[in-house]
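Given next are the chains, with one letter for each unit.
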Amino acid sequence: MHSDPKGSGTRGPGPAASAAGSGPPVSPGPAGSGTAATDLARARTQLLAGGTRNRRLDAPALRHALVDLHEFWLVTKGTELGIKPDCGFAIVAVGGLGRREMLPYSDLDLVLLHDDMDPAVVSRVADRLWYPLWDAHIKLDHSVRTVPQALQVAASDLTAALGMLEARHIAGDLELSNLLIGGVRRQWRTGIRSRFDELIALTEARWERSGQIAHRAEPDLKSGRGGLRDVQLLNALSVAQLTDGMPGLGPDVPGGGLAAAHRRLLDVRTELHRVAGRARDQLRAQDADEIGAALRIGDRFDLARVLTEAARTVSYSVEVGVRTAGNSLPRKGLSRLRRVPVRRPLDEGVVEHGGEVTLARDAHPRKDPGLITRVAAAAAQHDLPISASTLGRLADSAPELREPWPRTALNDLLVLLGSGTRAIDPIEALDRTGLWGRLLPEWGAVRDLPPRDAVHTWTVDRHLVETAVYAGGLTTRVARPDLLVLGALLHDIGKGRGGDHSVVGAELATQIGRRMGLWPSDVAVLSALVRHHLLLPHTATRRDLDDPATVESVVEAIGGDPVLLELLHALAEADSLATGPGVWGDWKAALIRELVRRCRLVMAGEELPRPDPIDPQLAEQAEQGGIHVELQPGENPHAYTVTVVAPDEPGLLSDAAGVLALHGLRVLSASVGSHAGSAVNSFAVAPLFGAPPPAGLLRQELIRARAGDLDLLATLDAKEQAAREAQLPERPERAVPGTYAQAPPHLIWIDAPEPGQAILELRAEDRLGMLCRLADAFERCGTDVRWARVSTLGRTVVDAFCIDVGGSDTRGNRERVERAVLAVVPAPEPKKPEDTG
């Protein structure tokens, strides 16, 4: 986005009078009137030289001195030329001088305003103002206009309008300057609705050309995403009264907020000019060490970290500012007749309002420690941004999660991490506002940490998030998807602290796992996953796989744990994919796959899934017969246990699970068994929002369903369709169909101890009423479920069903069950055919 306010202004000696609409160019005024501004040039040189080292001005002081120097010269020169109050002329600064951000080699951007004066007089004054600057080799970007002419240019040229929003009176007729400044701002406010789309298109085109400052080796500090032009964009939106000048980020967030980020970018660009000896916007690698030392930041890596932090702060602020501005614009046409946006419930204490995730009116952040993860999970699941006001309220009020975390808070974090690319924006929003560091205090050491290896595309913290994103697409390949996404998020958490980052990271993972409330055995696996996350790729690519000692060393390192081996295999792929282009390929994949295969051959067989034992009290209740439904509080205020004891008849599991889903109870885990002719099914559930329905209502609904008076599947389908249609029509590109998944479903058949039975392990992403649909699929196949163990780990279900597959066609029965199961589980979104036109 270029802020040239002149539109047709010229650079260097030229026809000053033509800018005022007069005839041909005129020659300079009388001898002596065009004396070069040698005093200004000499003073600039002295400021940049700084004399001795002790007298060298730092970057902010240098900018202020340059502003004062140029203002003094212009005022003095203007007085000499008769440019005084009420004279009909005014000197107005735009660009760096207008913003009071004069850099060492910035152009001097000036507008000479006049009150429709005689063209000959205008030409004479302009020449006597411009020529001394040109003769002193001072870069000048100039124009000569009346106020109506300037307003016309601003109305027709968006970049000129943006430049004139920064206009500032320097000398001469103050009323004339105020007419321009006030007129441009008034014109900008009244016309922003028709110019907003063009403004955003211009900004996005600039981002496309210049890239992201935070993730470029040689960033463009001025035009790159997260740079100084973006700060000016926010100021322009603020002038239009569409958003706050510093949306979403105050001084208390990591990095000091938007104002501090702006200052850092200015300081680096100031030193870049000083080091380069000319105007330059792109930071070259060979200049980074010198600039870092001049700013007392450190070496080039320290400078890169400071720049990344500043750019990501600015980038997030622009995202919030543009979204807020778009929502603030008056609607056009028929859209004005729409009803006021409703508050759509998403989760307990969380609603969607106006296209953003916000807190419900009855939410109590001070009393709800799990609210942060719940808000983030809802944002990722529904692909909606978190409102800046909600983030601010959580930052001010939400308490820290104490050790151990509530189970629901951990589950919401897993849902967030398993949401694929939709997790990136919520995590970035939490991180920029200090909330992510409240969940993971250890994150501070890797936040904005630049990679030491050029093969890495991202900063360390973003690499961890990207690895979790890729791991989200591999969750159905492992038995513990929860540990996979957590391990992906933490595998490089030990960087930036000195020592072997794998060893340091393993200790931190143990600390984090305990705080999150993982079982001790799971903490050990998570720690080992971080400790050995490089084991498979390093061994496969650097050692001889035909040497038995190679395979034995891997098996010994992981303690012969097949679950850990499976997790390390998936993490190696996710880590490589998140590192950068070309890091993961067929050669590396084949080597690691072969190493894993040989390790499995050396290791003993895996333990078979088994049914959970039945509680003696429930067994006694089963012997009494009848239908019983009990609801008991769980381990935290948002968790409950529902127990259903009823005659063991076909369709009971489907009906029981369907009733729970219909009443907004999310099944976190389930144990299905039978005793004395009765089914004994226990469900660990969490309400989507509000309190759970009473047990008596659940029992009545179950009786209705058993009698055929309640079509659960049709009702669930309608509810799921309504949720999909609730996606905002203004954002169809962000709508995510509810039956699409990040990871493909995975079915594993295991021979059961009993003849005629088999254990089917399903790994798939969850959906509304999943257990109900699966049980119905088994029933339609004529398959009896003997027992089941169901777990929902974040977005992924890992379910084991012991079913009857006997008969003369065991293989055919299995294939029929597979088809029925795959028909109801979410599948990956089909790839769009490439455009061949």
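So, how was this worked out
Residues numbered from 1 in each chain as written. Predicted model: local features only at pLDDT ≥ 70, side-chain atom pairs only at ≥ 80, totals over all residues. Heavy atoms only, no water. Helix = DSSP H or I, 4+ residues; strand = E, 2+ residues; numbered from the N terminus. Buried < 20%, exposed > 50% of the residue type's maximum accessible area, 1.4 Å probe, protein only. Contact = heavy atoms within 4.5 Å. Pairing = 2+ DSSP bridges. Axes fitted to C-alpha atoms, helices over the stretch in contact; angles between N-to-C directions. 1 Å grid on protein atoms, 1.4 Å probe; cavity = no way out; pocket = protein on both sides within 12 Å on 5 of 7 lines; lining within 4 Å. Points joined across faces, edges and corners; volume = space filled by probe spheres on them. Nonpolar A, V, L, I, M, F, W, Y, C, P; charged D, E, K, R; others polar. Core = buried A, V, L, I, M, F, W, Y, C linked by side-chain atoms within 4.5 Å. Salt bridge = Lys/Arg side-chain N within 4 Å of Asp/Glu carboxyl O. Parallel < 35°, antiparallel > 145°, perpendicular 65-115°, else oblique. Left-handed = near helix turned anticlockwise from the far one by under 90°. Phe/Tyr/Trp six-rings, centres within 6.5 Å; stacked < 30°, edge-to-face > 60°. Lys NZ or Arg CZ within 6 Å of the ring centre and 35° of its normal. pLDDT = per-residue confidence, 0-100. Expected span 1.5 Å × (residues − 1).

**Observations concerning the overall build of the chain**
Helix and strand content of the chain: 30 helices and 18 strands. Buried positions account for 55% of the 837 residues belonging to the chain. Considering only contacts within the chain whose residues lie at least 6 apart along the sequence, 72% involve residues at least 24 apart.

**Quick word on the sheet that holds strand β10 (residues 640-647)**
Note: strands within a sheet are paired through backbone hydrogen bonds, in either parallel or antiparallel orientation. The sheet built from eight strands is open, its strands ordered β9-β10-β12-β11-β16-β17-β15-β14 with antiparallel pairing. Lying at the two open borders of the sheet, with one neighbouring strand each, are β9 (628-633) and β14 (746-751). On average, each strand axis in the sheet is tilted by 15° relative to the strand beside it, whichever way the strands run. Packing of helix α14 (residues 407-417) onto the sheet brings it into contact with β11 (665-675), β12 (678-687) and β16 (785-793), and relative to β16 it is tilted by some 80°. Along the sheet, helix α29 (residues 770-780) contacts β11, β12, β15 (757-765), β16 and β17 (796-804); its crossing angle with β17, the most-contacted strand, is approximately 25°.

**A word on empty space enclosed by the protein**
What the rule picks out here adds up to four cavities of 30 Å³ or more. Taken as a whole, the largest cavity encloses approximately 70 Å³ of empty space. Together, Tyr316, Glu319, Val320, Arg323, Ala379, Leu384, Pro385, Ile386, Asp425, Pro426 and Ala429 line the largest cavity. When residues of the lining of the largest cavity are traced back to their parent elements, those giving at least two are α11 (300-328) and α15 (424-432). Top contributing element to the lining of the largest cavity by residue count: α11, with four residues. In the lining of the largest cavity, the residues fall into eight nonpolar, no polar and three charged. Of the volumes computed, that of the second largest cavity is approximately 60 Å³. Looking at the second largest cavity, the residues that line it are Asp347, Glu348, Arg374, Thr408, Asp412, His638, Arg666, Ala686 and Pro687. Within the residue set of the lining of the second largest cavity, elements represented by two or more residues are α14 and β12.

**Considerations on the sheet that holds strand β6 (residues 344-347)**
The strand order β6-β7-β8 describes an open sheet built from three strands, whose pairing is antiparallel. The open sheet terminates on both sides in strands that have one partner only, identified here as β6 and β8 (356-359). Direction aside, neighbouring strands of the sheet carry axes that sit 40° apart on average. In this structure, β6 lies alongside strand β7 (residues 350-353), joined through three bridges in antiparallel fashion. In the sheet register, proline 345 faces β7, and the bridge partner there is valine 351.

**Examining the side chain of arginine 280**
Relative to the helices and strands, arginine 280 resides in the loop between α9 (257-276) and α10 (285-294). Residue classification places arginine 280 among the buried positions, given a relative accessible area of 12%. Setting aside its immediate chain neighbours within four residues, arginine 280 contacts Arg269, Leu272, His273 and Asp287.

**Examining the nonpolar core**
Trp436, Trp443 and Leu486 are the most contacted members of the largest nonpolar core, which totals 89 residues. A total of eight residues in this core trace back to one element, the largest contributor, which is helix α23 (residues 562-579). Here tryptophan 436 is in contact with Leu413, Leu416, Ile427, Leu430, Asp431, Trp443 and Leu489, once residues within four sequence places are set aside. Formed by 55 residues, the second largest nonpolar core is a distinct cluster that contains Val92, Leu158, Leu180 and Ile192.

**Quick word on the environment of serine 223**
Take serine 223: it is sitting in the loop between α7 (174-210) and α8 (228-239). If we skip the residues at most four places from it in the chain, serine 223 touches Arg206, Trp207, Ser210 and Arg229.

**Re the pattern of salt bridges**
For the structure on display, the rule yields 50 salt bridges. Between lysine 77 and glutamate 80 there is a salt bridge; the shortest N-O distance is 3.1 Å. Of the two residues, lysine 77 and glutamate 80 are both situated in helix α2 (residues 59-80); the distance of three residues between them amounts to about one turn of the helix. The exposure class of lysine 77 is buried, given its relative accessible area of 6%. Overlapping salt bridges bring together Arg312, Glu428, Asp431, Arg432, Arg447, Asp448 and Asp461 as one network.

**Quick look at the packing of α7 against α11**
Between two packed helices, the angle of one axis relative to the other and the distance separating the axes together describe the packing. Here α7 crosses α11 at 160°, and the two axes come no closer than 12 Å. Comparing the axis directions of α7 and α11 gives the class roughly antiparallel. The handedness of the crossing between α7 and α11 is left-handed. Side by side, α7 and α11 meet where Phe196, Ile200 and Trp207 of the first sit next to Val318, Val322, Ala325 and Gly326 of the second. Here the contact of α7 with α11 is composed, by residue class, of six nonpolar, one polar and no charged.

**A look at the packing of aromatic side chains**
Aromatic ring pairs are defined here through the distance separating the ring centres and the angle between the ring planes. Scanning the model with the defined rule gives three aromatic pairs in all. Taking the centre distance of 5.8 Å and the plane angle of 90° together, the rings of tryptophan 436 and tryptophan 443 count as edge-to-face. Accessibility assignment for this pair places tryptophan 436 and tryptophan 443 in one class, buried. When the ring centre of phenylalanine 301 is taken as origin, the NZ or CZ atom of arginine 452, which lies over that ring, is 3.9 Å away. A cation over a ring is seen here: arginine 462 above tryptophan 458, with NZ or CZ 4.3 Å from the ring centre.

**Let's talk about the packing of helix α19 (residues 501-516) against helix α20 (residues 520-531)**
With their axes 8 Å apart at the nearest point, α19 and α20 run at an angle of 155° to one another. The orientation of α19 relative to α20 falls into the category roughly antiparallel. For the element pair α19 and α20, the recorded crossing hand is right-handed. Across from Ser502, Val503, Gly505, Ala506, Ala509, Thr510, Gly513 and Arg514 in α19, the residues of α20 making contact are Val523, Leu526, Ser527, Val530 and Arg531. Broken down by class, the residue content of the contact of α19 with α20 amounts to six nonpolar, five polar and two charged.

**Thoughts on the confidence of the model for the chain**
Across the chain, the average pLDDT comes to 88, with 90% of residues at 70 or higher. Low pLDDT, under 50, characterises residues 728-738; the predicted model gives this stretch 15 contacts beyond four residues in sequence or across chains. The low-confidence segment residues 833-837, where pLDDT is below 50, has zero contacts with residues more than four positions distant or belonging to other chains.

**Some words on the environment of glycine 625**
Following the sequence through the fold, glycine 625 ends up in the loop between α25 (616-624) and β9. Sequence-wise, glycine 625 and proline 647 are 22 residues apart; in three dimensions their C-alpha atoms are separated by 6.7 Å.

**Some details on the pairing of β11**
As paired elements, β11 and β12 share ten bridges and run antiparallel to each other. Residue pairing for β12: valine 672 is matched across the bridge by asparagine 681. The turn linking β11 back onto β12 is made up of two residues, and alanine 676 within it adopts a positive phi angle of 55°. Where β11 lies against β16, four bridges are found, and the strand directions are antiparallel. Looking across to β16, one finds that serine 671 is bridged to arginine 789.

**Considerations on α8**
Between its terminal C-alpha atoms α8 stretches 17 Å, which fits the 16 Å expected from twelve residues at 1.5 Å a residue. Of all twelve residues in α8, ten are buried, a share of seventy percent or more. Of all the positions in α8, only Leu228, Arg229, Asp230, Val231, Gln232, Leu233, Leu234, Ala236, Leu237 and Val239 are classed as buried. Turning to α8, the residues buried within the fold contact α6 (158-164), α7, α9 and α11. Looking one or two places after α8, you find glutamine 241, whose phi comes out positive at around 60°.

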